[in-house]
Amino acid sequence: MGVAAFAYFLAVTQRSSLGVATLIASERFHTNAQQLAYLAVFQLVVYAAMQIPVGILLDRFGSRSMLAVGAFIMAVGQMTVAFAPNLSTAVVGRMLVGMGDSFTFISMIRMVNGWHSGAKASKWQQYISSGGQMGQFFSAVPFWIMLENFGWSPAFAIMAAGSALAVFLIIAFTSDEAMGQE
């Protein structure tokens, strides 16, 4: 459950990481607020558009696989943002972040239901969801500190590395269902 919680925490962090970077992004990409809005809009559009396909894939491949795929796509997206030479490339990166994010919450919920049932599953879902929301704090304070101290590319690359770590942890330490325990 800890790995699923970590993956969700990172998804929330990735999703909200650009919020503290808008001034730096406008300087980096020599653009204005209206054009920067494309980063958020396209991320959200992709996230919403992927909900049904992700549900179908989740039914076919299971929560462990989908959590890993989501974290991998977010890592690629954040790495794309980290080294984006222009706004168009950054938009593609944020679209990948939105796509990867779309895999995470529902896969985490499905994983919890594979491990627990009834009220116990509901409690775990609530705990993990609440803990995952701490990712907003992480993106607002520690990520901002990384951005200010290390710069754009290193800060976003560190975020990408966090998602890559999540892929490894998901593959190494999770399963779709509990193995003989409740």
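All of these numbers come straight from a predicted model, not from anything done at the bench.

A short note on the pattern of salt bridges
Inference 1: Tallied over the entire structure, the rule returns two salt bridges.
Inference 2: A salt bridge links Arg110 to Asp59; the shortest N-O distance between them is 2.4 Å. Residue Arg110 is located in helix H6 (residues 87-115), and its partner Asp59 is located in helix H4 (residues 51-61); the two are separated by 51 residues in the primary sequence.
Inference 3: The class for Asp59 is exposed, based on a relative accessible area of 58%.

Section: the packing of aromatic side chains
Inference 1: Here the structure, examined in full by the defined rule, presents eight aromatic pairs.
Inference 2: Judged by centre distance (5.0 Å) and plane angle (75 degrees), the ring pair of Phe143 and Phe156 falls under edge-to-face. Remark: Phe156 occurs in helix H10 (residues 152-173) and Phe143 occurs in helix H9 (residues 142-150); sequence separation between them is 13 residues.
Inference 3: When its relative accessible area of 0% is taken as the criterion, Phe143 is described as buried.
Inference 4: Through a chain of ring-to-ring contacts, three or more aromatic side chains come together here, namely Phe29, Phe143, Trp152 and Phe156.

As for the side chain of Thr13
Inference 1: Its location among the elements puts Thr13 in helix H1 (residues 2-16).
Inference 2: Polar side-chain contacts of Thr13 include one of 3.3 Å to the backbone oxygen of Gly135.
Inference 3: Not counting chain neighbours up to four residues away, the residues in contact with Thr13 comprise Gly135, Phe138, Ser139 and Met159.

Some thoughts on the packing of H1 against helix H7 (residues 118-132)
When two helices pack together, their arrangement is given by the angle between their axes and by how far apart the axes lie.
Inference 1: The N-to-C vectors of H1 and H7 enclose an angle of 40 degrees; their axes lie 8 Å apart at closest approach. Considering how the two elements wind past one another, H1 and H7 form a crossing that is right-handed. Along the contact surface, H1 presents Ala5, Tyr8, Phe9 and Val12, while H7 presents Ile128, Ser129, Gly131 and Gly132.
Inference 2: Among the residues forming the contact of H1 with H7, the class breakdown is five nonpolar, three polar and no charged.

Digging into the packing of H6 against H7
Inference 1: Two numbers describe how H6 lies on H7: the axes approach to 9 Å, and their chain directions differ by 145 degrees. Here H6 runs over H7; the crossing is right-handed. Contacts between H6 and H7 involve Phe105, Met108, Ile109, Val112 and Asn113 on the former and, on the latter, Ala121, Trp124, Gln125, Ile128 and Ser129.
Inference 2: For the contact of H6 with H7, the per-class residue count stands at seven nonpolar, three polar and no charged.

Comments concerning H6
Inference 1: The end-to-end C-alpha distance of H6, which contains 29 residues, comes to 42 Å, matching closely the 42 Å that a straight helix rising 1.5 Å per residue would cover.
Inference 2: The N-cap of H6, judged by a side-chain oxygen 3.3 Å from the amide nitrogen of Ser88 a few residues on, is Asn86.

Calculation criteria
- Residues numbered from 1 in each chain as written.
- Predicted model: local features only at pLDDT ≥ 70, side-chain atom pairs only at ≥ 80, totals over all residues.
- Heavy atoms only, no water.
- Salt bridge = Lys/Arg side-chain N within 4 Å of Asp/Glu carboxyl O.
- Helix = DSSP H or I, 4+ residues; strand = E, 2+ residues; numbered from the N terminus.
- Buried < 20%, exposed > 50% of the residue type's maximum accessible area, 1.4 Å probe, protein only.
- Phe/Tyr/Trp six-rings, centres within 6.5 Å; stacked < 30°, edge-to-face > 60°.
- Polar contact = N/O pair within 3.5 Å; in protein donor to acceptor, adjacent residues only side chain to side chain.
- Contact = heavy atoms within 4.5 Å.
- Axes fitted to C-alpha atoms, helices over the stretch in contact; angles between N-to-C directions.
- Left-handed = near helix turned anticlockwise from the far one by under 90°.
- Nonpolar A, V, L, I, M, F, W, Y, C, P; charged D, E, K, R; others polar.
- Expected span 1.5 Å × (residues − 1).

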